[in-house]
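The primary structure of each chain is shown beneath.
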Amino acid sequence: PLDIANVQGDILAGLPKKVQHYLLFQIDDDVQAFRQRLKLLIPLITTTPQVQDDRAKIAAAKKAATEQGKPAPLVKLSGINISFSHSGLVKLGITDDLGDAAFAKGQFADSATLADPGSTDANGNFVPNWIPAFKNPIHGVVLVSGDSELTVTATQAIVNGIFNIGAHNATMHEVLTIKGQVRPKDEKGHEHFGFLDGISQPAVKDFDTKPNPGQETVRQGVILCGRENDIVAGSNPPVPVVRPAWALDGSFLALRYLFQLVPEFNTFLKDNAIKASGLTPEQGSELLGARLVGRWKSGAPIDLFPLQDNPTAGVDAQQNNKFRYDFPDDPHTQDRCPFAAHTRKTNPRADLEDLGISTENRRIIRRGVQFGPEVTPDEAKSGKTKLGRGLIFAAYQSNIVNGFQFIQQSWANNTGFPIQKNPIVPGFDPIIGQQSNLAPRTLSGTDPNNQGANLSLPTEWVVPKGGEYFFAPSIPALKSKFAL
Ligand code: N7H
């Protein structure tokens, strides 16, 4: 059986965070020195039971404060996790085949498959429009999380000290540190377009033992390598993946540095507000936004609340996941939720399950965080983004080809998905669906009164500027295979 103390804390439990730094690093040439230093880091790595304790502390402090009529206090805590890319493993001389083609290729080479915007260079190679830091090898990432910038900076200083970063005897150096933080006040938990995020996650069997209504349970091998139902991509009947023994209880991390054009998104919603009797222009914009995402900004799913928001249900875990896009009329019409809405594209529920196609091995656990400042009055007024902001997308799965890569390539970017909706062509996922050449995108079904109509979208609102695939080893693997 699974010993959760072996699993790095971010995977199954999620490092608690107001602030999170992703230190992207390269290992320096004295690999043995790096390995020795890594040994000192291992006791500081936050494991799953430690995250559970931290979460219990936060909950207890909140409860005590509520009883005294006080606002929830800030509980000081921090967390550390570490993951390695394929080029990082090569640098360390670890040559075992981990059994994931996307990981082995690396995300830079995979960017054409993902249809990241880019162009072909003189040698005929595809080059995505990424920032330079991600065009060079990144060997790994250290995640540092905590309750505040101060705690995270202090914790990062400890990490820097362990690896002698910046000193003459450095064992690694920073390629880039991406700094994320949860948005302020009422926007806490909401991503930059304004929608509540982190609602729908798969429950993991024998770990999340009390799933919420509508929350599907996946076998452990969908998230953790080497566990039940960790299967070869596309195998049917399912074939277990052959991986080195040390891969057990590790997980692959797909990291994406995604910028969001928020003023442009808002202008589009304003200019294309859904017109229906009884709707003000503002309500028409809100409704359009909800139909692009699949949820209202409050989190309330439009499959349950198609025409009017329900903020209470939005934050209520007993209600906000209890839907399958299977209302009697819904599998073949999109009056409640467009087929191509972001949440429906990325987890189609009954659209596939009712065809006898399981989605279990397509599920991922999302642990991202926002980065960048709030929209300034000047940006809001001009409708133009001037400051960089967006989502550090981070998702765990036992198999990137089955999980993140498949969702992006075969669902979000595939205009014919969900399948069997003839004569309707669903179109692009309006949030993340993309094409390398930035050709025009459309989706259908945004107008509840005219489902067959297509809506033309701006070429992109979410702009990928980098990313990499990593492997988050188990604690025993870090000790036996990585450290010295
Ligand atoms: Fe998405 N958004 O604000 O529009 N996402 N996402 N995502 N996403 C979800 O249900 C968003 C991205 C998934 O189980 C919600 O938890 C933005 C990528 C999946 O019903 C919102 C970006 C991929 C789900 C957003 C972005 C996914 C999901 C609703 C980029 C994978 C769960 C909250 C900047 C390739 C679906 C919730 C389910 C939900 C947004 C990226 C996947 C609001 C802005 C790259 C699987």
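So, how was this worked out
- Residues numbered from 1 in each chain as written.
- Predicted model: local features only at pLDDT ≥ 70, side-chain atom pairs only at ≥ 80, totals over all residues.
- Heavy atoms only, no water.
- Helix = DSSP H or I, 4+ residues; strand = E, 2+ residues; numbered from the N terminus.
- Rg over C-alpha atoms; globule rule 2.2 N^0.38 Å.
- Buried < 20%, exposed > 50% of the residue type's maximum accessible area, 1.4 Å probe, protein only.
- Contact = heavy atoms within 4.5 Å.
- Lys, Arg positive; Asp, Glu negative; His and termini not counted.
- Charge placed at Lys NZ, Arg CZ, Asp CG, Glu CD.
- Near = heavy atom within 4 Å.
- Polar contact = N/O pair within 3.5 Å; in protein donor to acceptor, adjacent residues only side chain to side chain.
- Nonpolar A, V, L, I, M, F, W, Y, C, P; charged D, E, K, R; others polar.
- Domains from an automatic or database assignment.
- Salt bridge = Lys/Arg side-chain N within 4 Å of Asp/Glu carboxyl O.
- Core = buried A, V, L, I, M, F, W, Y, C linked by side-chain atoms within 4.5 Å.
- Donors = N, O, S within 2.8 Å, 3.2 Å for Na, K, Ca; no water.
- Phe/Tyr/Trp six-rings, centres within 6.5 Å; stacked < 30°, edge-to-face > 60°.
- Lys NZ or Arg CZ within 6 Å of the ring centre and 35° of its normal.
- Axes fitted to C-alpha atoms, helices over the stretch in contact; angles between N-to-C directions.
- Buried area = accessible area lost by both parts, 1.4 Å probe.

This next bit is on the overall build of the protein. If you tally the helices and strands in the protein, you get 15 helices and 15 strands. Here the C-alpha atoms of the protein give a radius of gyration of 22 Å, agreeing with the 23 Å that 2.2 N^0.38 yields for 484 residues. Every one of the 484 residues in the protein was classed for burial, and the buried ones make up 54%. A sequence separation of at least 24 residues applies to 72% of the contacts in the protein between residues at least 6 apart. Computing the positive centroid from 48 side-chain charges and the negative centroid from 49, the protein places the two 3 Å apart.

Looking now at the site of the ligand. As a structural note, the neighbourhood of the ligand is formed by 27 residues, with I199, S200, H342, R349 and R366 the closest of them. Separating an oxygen atom of the ligand from a backbone N or O atom of G198 is a distance of 3.3 Å. N347 has a polar side-chain atom sitting 2.8 Å from an oxygen atom of the ligand. Tallied by class, the residues present in the shell around the ligand amount to 13 nonpolar, 8 polar and 6 charged. Both of domain 1 (4-201 + 243-257 + 472-482) and domain 2 (258-466) provide at least three residues apiece to the shell around the ligand.

A few words on the pattern of salt bridges. Under the criterion given, the structure shown has 22 salt bridges. Between K481 and D96 there is a salt bridge whose closest N-O contact spans 3.5 Å. Pair noted here: K481 is in helix 15 (residues 475-482) and D96 is in the loop between helix 4 (86-92) and helix 5 (101-105), with a separation of 385 residues, a long-range link. Beyond isolated ion pairs, a larger network of salt bridges with shared partners links R324, D326, E353 and D354.

With that settled, the discussion passes to the nonpolar core. Counting 80 residues, the largest nonpolar core has F34, L38, L41, I82, F84, V142 and F482 as its most contacted members. Examining the composition of this core, we find that 5 residues originate from one element, helix 9 (residues 281-293), more than from any other. Here this core spans two domains, since at least three of its residues come from each of domain 1 (4-201 + 243-257 + 472-482) and domain 2 (258-466). If we ignore the near neighbours within four places in the chain, the residues touching I82 are Q8, F25, L38, L41, I45, V141, V142, A472, P473 and L478.

Take the coordination of the iron atom of the ligand next. Coordination of the iron atom of the ligand by the protein comes from a single atom, H342 (NE2), at 2.0 Å. Counting through the fold element by element, H342 comes out in helix 11 (residues 342-346).

Scanning the entire structure with this criterion turns up 24 aromatic pairs. Look at F34 and F163: their rings are 5.3 Å apart centre to centre, the planes differ by 20 degrees, and that puts the pair in the stacked class. You can see F34 sitting in helix 2 (residues 31-41) and its partner F163 sitting in the loop between helix 7 (149-162) and strand 6 (172-181), a full 129 residues away along the chain. Across the pair, exposure class does not vary: F34 and F163 are buried alike. Between the aromatic rings of F323 and Y325, the centroid separation amounts to 5.2 Å while the plane-to-plane angle is 75 degrees, which identifies the pairing as edge-to-face. One exposure class covers both F323 and Y325, and it is buried. Three or more aromatic residues joined by ring pairs form one cluster here, namely F25, F34, F84, F103, F163, W246, F252, F471 and F482. Over the ring of F195 we find K297; its NZ or CZ atom is 5.9 Å from the centre of that ring.

To continue, consider the packing of helix 2 against helix 7. Where helix 2 meets helix 7, the closest approach of the two axes is 9 Å, and the angle between their N-to-C directions is 145 degrees. Of the residues in helix 7, those in contact with R37, L40 and L41 of helix 2 are V159, G161 and I162. Across the contact of helix 2 with helix 7, the residue classes tally to 4 nonpolar, 1 polar and 1 charged.

Attention shifts here to the domain arrangement of the protein. Partitioning the protein into domains gives domain 1 (4-201 + 243-257 + 472-482) and domain 2 (258-466). At the interface, 56 residues of domain 1 touch 62 residues of domain 2. Summed over both sides, the interface between domain 1 and domain 2 buries roughly 5,000 Å², with carbon and sulfur atoms accounting for 56% of that surface. Taken as a group, H192, F193 and Y257 account for 18% of the area that domain 1 buries against domain 2, more than any other trio of residues on that side. Here domain 1 is connected to domain 2 by 2 salt bridges. Between R183 and E374 there is a salt bridge, with its nearest N and O atoms 2.8 Å apart. Between the two partners, domain 1 and domain 2, sit 32 residue pairs in polar contact (both at pLDDT 80 or more).

The next point concerns helix 14 (residues 404-412). Counting buried positions along helix 14 yields 7 of 9 residues, so the element is predominantly enclosed. Taken together, the buried positions of helix 14 are occupied by F404, Q405, I407, Q408, S410, W411 and A412.

For L248, the position within the fold is in the loop between strand 8 (217-218) and strand 9 (251-260). Assessed through its relative accessible area of 34%, L248 is described here as partly exposed. Beyond its immediate sequence surroundings of up to four residues, L248 is in contact with C225, G226, R227 and S474.

The step from N236 to P237 runs through a cis peptide bond, and the omega angle for that step is 5 degrees. Of note, the amide linkage connecting N422 to P423 takes the cis form, showing an omega dihedral of 0 degrees. Note on placement: P423 falls in the loop between helix 14 and strand 13 (441-444). Of note, A115 is a non-glycine position whose phi angle comes to about 65 degrees, a positive value. Judged by its relative accessible area of 12%, A115 is buried.

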